[in-house]
Amino acid sequence: MIGRSIHTIYSPFVWTKRMLNALSNGVKRGTWYSLYDKVFTKTNLRESALSVIDNKGSHGVDQVSVSRYESHLSHNLNILQAKLKNSFYEPRSIRRVYIPKAGTDEKRPLGIPTVCDRIVQTALLNVIEPIFDSTFSNRSFGFRKGLGCKDALRTAVSEMNSGRMFVVDVDIKSYFDEIDHDILMDLIKAKISDGRILNLIEMFLKQGVMEGIEELDPEKRGSPQGGVISPLLANIYLNPLDILLESQNLHLVRYADDFLIMCESQEDADKALILVKEWMSSVKLRIHPQKTRIVDMNQVGHSFEFLGYHFERMKRGCIRRWPKAANMKKFKDKVRYITRRNNPHSIEIVCEQLHIYFKGWFQYFKHSMHYKFQSLDGFTRRRMRRILKKRRNKKGTGKNLTDHKAWSNTWFESHGYVSLYSMYEAEFQSLRS
């Protein structure tokens, strides 16, 4: 697998050499026993707590913040260990909030567990993740240590370069909310026989929900987005689909619930889509009828979107990519905020703030068409000219030739502006040399 070994998966605070050997050679009857005591070891709980502290995040329904929990860390972990050891531990309800859904006016629910529950979920994840990860497909890239979006994108491009130009673009409707608990637990029981581990997982699946001051009934299905363990559970649920598609020699590229099937012909693509629909129905999932489609990337103007990128067949026969519309809007919204007219900072500090944002954004989208960077640079400089005009008590949008001459591209560079296009040139000059 891409730049990955078992050492990137397991937690050295949990997984001994004996356990690693069992992971490689197999265990009796294919299921793991006696795992629960590994969850509440002092080392595992402490390392899990430090991980949660590093990730920061918001408080849960108990109003206990990360910093407050950390201020009495040893005491809190001693109490938590005792509860787990004596099977007194019960997770609190999750705090439900709604966050904007990228590219739409919709909002999606996010469940925030308490700091304590996040620590337990992390400790549990450290114990069980390697057991399942070792069975996952090499074509599953989402929420797996040592893998990421770039690996999935690289694989999708490689598949098209190999002639698989019929892309089955599948969208699962409300995936995390639709996961069936019984089916999921059966998949987990196939690998784990420790009753207390299974009980702990079920408790997290059936946590209550607090929305504002109202307590809702526990969800009968779904895995709350926001839980530490939810991404692993989501991958476990879809793993049988990965295996099924690979058994049919179909080329999958999956990142969590976002996936493509790359085919050589329309016939293969049609068969793949029928197979996916049948499997989805069998596990009580639904495909989004408007968003799921087959795209022939041999045809000029045909396109699909995957992991933030827009892929399109151009007139000259090549396939180009650039940030999809929602990501372009997000970029411009961030730039608008930094370059707001009432920004009190000097233009040098504004340029510095932009550079900090640009660096992270560019590293993900650096494989886009170069003219997209030029366009975004032009937009950003116009925004800064607006600031400068306001400071001279002048009106205008900063688009005319006079403004361009007064504050040229070179002028901005001399004041610390590092353009996206210059980053692009530097990146690909280094690759050519």
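Everything below is about the structure printed above this text.
Treat the numbers as computed from the prediction; the structure is a model and nothing was measured.

Parameters and conventions
Along every chain, residues carry numbers that run from 1 in the direction the sequence is written. Predicted model: local features are reported for residues with pLDDT of at least 70 only, side-chain atom pairs are reported and counted for 80 or more only, and whole-chain, interface and lining totals are derived from all residues. For side-chain calculations, the full set of non-hydrogen atoms in the structure is used, while hydrogens and water are omitted. Only the stretch in contact is used when a helix axis is fitted, and all axes are lines through C-alpha atoms; the angle between N-to-C directions ranges over 0 to 180 degrees. Strands are runs of DSSP state E lasting at least two residues, helices are runs of H or I lasting at least four, and both sets are numbered from the N terminus onward. Small angles under 35 degrees read as roughly parallel and large ones over 145 as roughly antiparallel, with 65 to 115 read as roughly perpendicular and the rest as oblique. For this analysis, residues touch if any pair of their heavy atoms sits within 4.5 Å. Note on residue classes: Ala, Val, Leu, Ile, Met, Phe, Trp, Tyr, Cys and Pro are nonpolar, Asp, Glu, Lys and Arg are charged, and everything else, Gly too, is polar. The pairing test for Phe, Tyr and Trp rings, Trp by its six-membered ring, is centres within 6.5 Å, and the orientation test on the planes gives stacked under 30 degrees, edge-to-face over 60, and tilted for anything in between. Using a 1.4 Å probe on the protein chains alone, a residue whose accessible area is under 20% of its type maximum counts as buried, one over 50% counts as exposed, and one in between counts as partly exposed. Both a distance and an angle decide whether a charge sits over a ring: NZ of Lys or CZ of Arg must be within 6 Å of the ring centre and within 35 degrees of the ring normal. Throughout, nonpolar core names a set of buried Ala, Val, Leu, Ile, Met, Phe, Trp, Tyr and Cys residues whose side chains join them through atoms within 4.5 Å. By definition here, a salt bridge exists when the distance from a side-chain nitrogen of Lys or Arg to a carboxyl oxygen of Asp or Glu is within 4 Å. Should DSSP find at least two bridges between two strands, the strands are taken to pair. A 3.5 Å cut-off defines polar contacts: any pair of N or O atoms within that distance qualifies, except that in protein one atom must be a possible hydrogen donor and the other a possible acceptor, and neighbouring residues in sequence count only when both atoms are side-chain atoms. Take the far helix as your reference; a near helix turned counterclockwise from it by less than a right angle gives a left-handed crossing, and one turned clockwise gives a right-handed crossing. Every definition here rests on a 1 Å grid over the protein atoms only: cavities are sets of points where a 1.4 Å probe fits but cannot get out, pockets are open sets enclosed by protein on both sides within 12 Å along at least five of seven lines, and lining residues have some atom within 4 Å of a point. Grid points are joined across faces, edges and corners, and a volume is the space filled by probe spheres set on the points.

### Here's the deal with the packing of helix 9 (residues 181-189) against helix 11 (residues 230-247)
Between helix 9 and helix 11, the shortest axis-to-axis distance is 10 Å and the interhelical angle comes to 85 degrees. One finds that helix 9 runs roughly perpendicular with respect to helix 11. Facing Ile-183, Leu-184, Leu-187 and Ile-188 of helix 9, the residues of helix 11 in contact are Leu-233, Ile-236, Tyr-237 and Pro-240. Residues belonging to the contact of helix 9 with helix 11 are distributed by class as follows: 8 nonpolar, no polar and no charged.

### Concerning the packing of aromatic side chains
Taken as a whole, this structure holds 22 aromatic pairs when the rule is applied. Consider the rings of Phe-143 and Tyr-255, whose centres lie 5.7 Å apart with planes at 50 degrees: the pair is tilted. One end of the pair, Phe-143, is in the loop between helix 6 (115-133) and helix 7 (149-161); the other, Tyr-255, is in strand 6 (residues 251-255), with 112 residues separating them in the sequence. Judged by relative accessible area, Phe-143 falls into the partly exposed class, the value being 43%. Arranged with centres 5.4 Å apart and planes meeting at 65 degrees, the rings of Tyr-175 and Phe-176 form a pair that is edge-to-face. In this structure Tyr-175 comes out as buried when scored by relative accessible area, which is 2%. Taking the ring centre of Tyr-309 as reference, the NZ or CZ of Arg-321 above it sits at 5.1 Å. Sitting over the face of the ring of Tyr-357, Lys-334 holds its NZ or CZ atom 5.9 Å from the ring centroid.

### A few points about the nonpolar core
One finds Leu-80, Ile-128, Ile-188 and Ile-261 to be the most contacted residues of the largest nonpolar core, which totals 76 residues. It is helix 6 that contributes the most residues to this core, 11 residues altogether. If you look at the next biggest cluster of nonpolar residues, it comprises 45 residues, including Met-297, Met-328, Phe-365 and Phe-428.

### Some remarks on the side chain of Ser-230
On the secondary structure map, Ser-230 appears in helix 11. Ser-230 sits in the buried class, given a relative accessible area of 4%.

### Side note on the pattern of salt bridges
A side chain of one charge can pair with a side chain of the opposite charge when the charged atoms of the two come close. Tallying each qualifying case throughout the model produces 16 salt bridges. Taking the shortest distance from any N to any O, the salt bridge between Asp-242 and Arg-254 comes out at 2.8 Å. With Asp-242 in helix 11 and Arg-254 in strand 6, this residue pair connects regions lying 12 residues apart in the sequence. Here the two residues Asp-242 and Arg-254 agree in accessibility, since each one is buried. Between Lys-389 and Asp-403 there is a salt bridge, with its nearest N and O atoms 3.2 Å apart. Of the two residues, Lys-389 is situated in helix 15 (residues 370-391) and Asp-403 in helix 16 (residues 401-406); the sequence distance between them amounts to 14 residues. As far as burial versus exposure is concerned, Lys-389 and Asp-403 are alike and both buried. Residues joined by salt bridges that share partners form a network here, namely Arg-139, Glu-159, Arg-164 and Glu-264.

### With respect to unusual backbone geometry
In the Ramachandran plot, Gln-63 falls in the positive-phi region, its phi being about 65 degrees despite a non-glycine side chain. Summarising the element assignment, Gln-63 is placed in the loop between helix 3 (42-55) and helix 4 (66-71).

### A closer look at the side chain of Thr-122
Following the sequence through the fold, Thr-122 ends up in helix 6. When neighbours within four sequence positions are excluded, Thr-122 is seen to be in contact with Ser-48, Ser-51, Val-52 and Val-228.

### Considering the sheet that holds strand 7 (residues 258-263)
Strand order in the open sheet made by the 4 strands is 6-7-3-8, with antiparallel pairing throughout. Two strands bound the open sheet, and with one partner strand each, they are strand 6 and strand 8 (293-296). Each strand axis lies, on average, 20 degrees off the axis of its neighbour in the sheet, ignoring direction. Where strand 3 (residues 166-171) lies against strand 8, 4 bridges are found, and the strand directions are antiparallel. Across the sheet, the residue bridging to Asp-169 is Arg-293, located in strand 8. Strands in contact with helix 11 are strand 6 and strand 7; relative to strand 6, the strand with the most contacts, it is inclined by about 165 degrees. Across the sheet, helix 12 (residues 266-282) lies against strand 3, strand 7 and strand 8, angled at about 145 degrees from strand 7, the strand it touches most.

### What to know about the environment of Arg-164
As for its placement among the helices and strands, Arg-164 is situated in the loop between helix 7 and strand 3. Once the C-alpha coordinates of Arg-164 and Met-297 are considered, the two residues, 133 residues apart in sequence, prove to be 8.8 Å apart. Only 3.3 Å separates the side chain of Arg-164 from the side chain of His-251, close enough to count as a polar contact.

### Focus on the packing of helix 3 against helix 6
In the contact formed by helix 3 and helix 6, the axes pass within 8 Å of each other and the chain directions differ by 120 degrees. The angle between helix 3 and helix 6 falls in the class oblique. The way helix 3 lies across helix 6 gives a crossing that is right-handed. For the pair formed by helix 3 and helix 6, the contact residues are Asn-44, Leu-45, Ser-48, Ala-49, Ser-51 and Val-52 on the first element and Val-115, Arg-118, Ile-119, Thr-122, Ala-123, Asn-126 and Val-127 on the second. A class-by-class count of the residues in the contact of helix 3 with helix 6 yields 7 nonpolar, 5 polar and 1 charged.

### Here's the deal with empty space enclosed by the protein
In this structure the tally under the stated criterion is 1 cavity of 30 Å³ or more. Empty space within the largest cavity amounts to approximately 70 Å³. Surrounding the largest cavity, Ile-94, Pro-113, Gln-121, Phe-204, Leu-205, Gln-207, Ser-223, Pro-224, Gly-227, Ile-229, Ser-230 and Leu-233 form its lining. At the level of elements, helix 10 (195-205) and helix 11 are the ones that each hand at least two residues to the lining of the largest cavity. Within the lining of the largest cavity, the residues separate by chemical class into 7 nonpolar, 5 polar and no charged.

### Regarding the sheet that holds strand 10 (residues 309-313)
Reading across the sheet, the 3 strands line up as 9-10-11 and stay open at both edges, with antiparallel pairing between neighbours. Two strands lie at the open edges of the sheet, namely strand 9 (303-306) and strand 11 (319-323), each paired on one side alone. Direction aside, the axes of adjacent strands within the sheet are offset by 25 degrees on average. As judged from the 4 bridges shared by strand 9 and strand 10, these two strands associate in the antiparallel manner. Counted as the bridge partner of Phe-306 is Tyr-309 from strand 10.

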